[in-house]
Amino acid sequence: MNFKRYITSSPFDVNTYVFEMNGTLYVVDPGEGISQFVKDPVVVLITHGHCDHISGIPELQVKELFISPEDAHMLTDPAANLSLSFMDHPVVVELEWKDIDSGFKTLKVPGHTKGSRFIIFDGVVFTGDTVFSDTIGRIDLGGSEEDMKVTLSRIEEFFRNLPQEWIVCPGHGETTTVKDLLRRNPFLRRNVT
Ligand SMILES: [Zn+2]
């Protein structure tokens, strides 16, 4: 899959990914400023409900919006999506949403938020803020350390069973490959013997 990566939601520098599939334009985690790059109607996919990953939704012509049921309340709750704490204006997205698990291939990865998801396409995994190329996401922003521990062992197994050349697309920072992720990310190497 060919995708483009745009840096949005300054100063949070969120990776917003854009790709076309079967004639539909998809946007993963649209942050503020995405309308500079995307003008056409889109299907929006959200890895998790934090404000920096959803703040660009109101800028777009949204055909459909997919998010996990556990994080969906964050669309309309500026305290829960942390815009009240981290931004100078509340982020409220008053759109109908659909369950991302029924529309797409996902992996439930609670820890950074309760409803965090990997979104999986052929050759590409969007990991949100659960795992980055060389570290993992914070658990003190509405997440859970217990959940993250379980998630880390699950996703290590998940990545070991994927083709090693697949691309890993995190919510911040550089993209990587499954192979390099498993080699470089210290949080996914703890079980290596
Ligand atoms: Zn986040």
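Per an unreviewed UniProt entry, the protein chain goes by Beta-lactamase domain protein and derives from Thermotoga neapolitana. Listed in UniProt under the heading Cofactor (unreviewed entry), the comment for the protein chain reads: "Zn(2+)".

(A) Expanded view of the overall build of the protein chain. Of regular secondary structure, the protein chain possesses five helices and eleven strands. In terms of its C-alpha atoms, the protein chain occupies a principal-axis envelope of roughly 50 × 35 × 30 Å. Here the protein chain holds 193 residues, and the buried ones make up 51% of them. Pairs at least 24 apart in sequence give 53% of the contacts found in the protein chain among residues at least 6 apart. Carbon and sulfur atoms make up 49% of the accessible area of the protein chain, which amounts to about 9,000 Å² in all. If the 18 positive side-chain charges of the protein chain are averaged to one point and the 28 negative ones to another, these points end up 7 Å apart.

(B) View of the environment of Gly31. Its place among the elements puts Gly31 in the loop between β3 (24–28) and β4 (42–45). Overall, Gly31 belongs to the buried group, its relative accessible area being 0%. Through-space distance from the C-alpha of Gly31 to that of Gly115 is 18 Å; in sequence the pair is 84 residues apart. Excluding residues within four positions of it along the chain, Gly31 makes contact with Thr8, Ser9, Thr16, Asp52, Ser55 and Gly56.

(C) Spatial organisation of the UniProt feature "domain: Metallo-beta-lactamase" (unreviewed entry) in the protein chain. Here, the residues flagged by UniProt with the feature "domain: Metallo-beta-lactamase" (unreviewed entry) are residues 13–172. Structurally, residues 13–172 comprises 18% helix and 26% strand, and the distance from its first C-alpha atom to its last is 7 Å.

(D) Expanded view of helix α4 (residues 145–160). The end-to-end C-alpha separation of α4 is 23 Å, in line with the 22 Å expected for 16 residues at 1.5 Å each. Met148, Thr151, Leu152, Ile155, Glu156, Phe158 and Phe159 are the residues of α4 that are buried. Here the buried face of α4 lies against β7 (106–108), β8 (117–121), β9 (124–128), β10 (167–170) and α5 (178–184). The opening residue of α4 is Ser144, an N-cap whose side-chain oxygen sits 3.3 Å from the backbone nitrogen of Glu146.

(E) Here's a closer look at the environment of Leu182. Turning to its location among the elements, Leu182 is positioned in helix α5. Classification of Leu182 by relative accessible area gives buried; the value is 7%. When the C-alpha positions of Leu182 and Ile34 are compared, they lie 31 Å apart, and in sequence the two are 148 residues distant. Ignoring anything within four residues of it in the chain, the contact list for Leu182 reads Glu156, Phe159, Arg160, Gln164, Leu188 and Arg189.

(F) Fine view of the sheet that holds β4. Spatially, the six strands line up as an open sheet ordered β1-β2-β3-β4-β5-β6, and their pairing is mixed. At either end of the open sheet lies a strand with only one pairing partner, and these are β1 (3–8) and β6 (98–99). Note that strand β2 (residues 14–21) and β3 share five bridges and pair antiparallel. Among the inter-strand pairings, Tyr17 is bridged to a residue of β3, identified as Val28.

Cut-offs applied
- Residues numbered from 1 in each chain as written.
- Predicted model: local features only at pLDDT ≥ 70, side-chain atom pairs only at ≥ 80, totals over all residues.
- Heavy atoms only, no water.
- UniProt positions renumbered as here; feature names shortened; annotations may be inferred.
- Helix = DSSP H or I, 4+ residues; strand = E, 2+ residues; numbered from the N terminus.
- Buried < 20%, exposed > 50% of the residue type's maximum accessible area, 1.4 Å probe, protein only.
- Contact = heavy atoms within 4.5 Å.
- Areas by Shrake-Rupley, 256 points an atom, 1.4 Å probe, with all protein chains shown as cover.
- Lys, Arg positive; Asp, Glu negative; His and termini not counted.
- Charge placed at Lys NZ, Arg CZ, Asp CG, Glu CD.
- Expected span 1.5 Å × (residues − 1).
- Polar contact = N/O pair within 3.5 Å; in protein donor to acceptor, adjacent residues only side chain to side chain.
- Pairing = 2+ DSSP bridges.

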